[in-house]
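# Inside the fold
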Amino acid sequence: MWSMSAQGALDANAQREVSALLAFVGNSHCTFIRNGSPYSSTQAQAHLQDKLDYLLRKDRVNSAEQFIERAASESSFSGKPYKVICDGKEQLSADWLKDELQRIRQGH
């Protein structure tokens, strides 16, 4: 999944965290709202991976926080925030992923 350039921009710990976040998205079975349209968790994971790859090529992401902020919070085109609906509850994807990042860091 990681290219050579990706390894240069993210240290090993950040790579682990971002990989865990991407897996969390893909395995969530939640609905993702991007520019007003619903997407499956696997579609969302693929989209975020594409955005991550782009940002890594541009050397614009160095941490899991930057991944959330620059790839997983809002549309690069419309500026509209990404949302996620899990178990009937809608929230901003940035908040949802920041919560998961804290769980990852706490070892859960």
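Now for a look at the structure at hand.

Basis of the calculations
- Residues numbered from 1 in each chain as written.
- Predicted model: local features only at pLDDT ≥ 70, side-chain atom pairs only at ≥ 80, totals over all residues.
- Heavy atoms only, no water.
- Buried < 20%, exposed > 50% of the residue type's maximum accessible area, 1.4 Å probe, protein only.
- Helix = DSSP H or I, 4+ residues; strand = E, 2+ residues; numbered from the N terminus.
- Contact = heavy atoms within 4.5 Å.
- Disulfide = S-S within 2.5 Å.
- Axes fitted to C-alpha atoms, helices over the stretch in contact; angles between N-to-C directions.
- Parallel < 35°, antiparallel > 145°, perpendicular 65-115°, else oblique.
- Nonpolar A, V, L, I, M, F, W, Y, C, P; charged D, E, K, R; others polar.

Bringing helix α4 (residues 64-71) into the picture now. Along α4, the residues that are buried comprise Ala-64, Gln-66, Phe-67, Ile-68 and Ala-71. Where α4 is buried, its residues touch α2 (12-27), α3 (41-57) and α5 (93-105).

Glancing now at the state of the cysteines. Per the counting criterion, the structure on display carries one disulfide. Across the disulfide from Cys-30 sits Cys-86; the S-S distance is 1.9 Å. On the S-S bond that ties Cys-30 to Cys-86, the torsion sits near 115°, and the link is right-handed. Placement of Cys-30 in the loop between α2 and β1 (31-34) and of Cys-86 in strand β3 (residues 83-86) is noted, with a sequence separation of 56 residues between them. Both residues of the pair, Cys-30 and Cys-86, belong to the buried class.

Each packed pair of helices is defined by two parameters, the angle between the axes and the distance between the axes. Put simply, α2 and α4 touch, their axes get as near as 8 Å, and they point 45° apart. Viewed along their axes, α2 and α4 adopt a mutual orientation that is oblique. On the side of α2, the interface is formed by Glu-17, Val-18, Leu-21 and Leu-22, while α4 contributes Ala-64, Phe-67 and Ile-68. In terms of residue class, the contact of α2 with α4 is built from six nonpolar, no polar and one charged.

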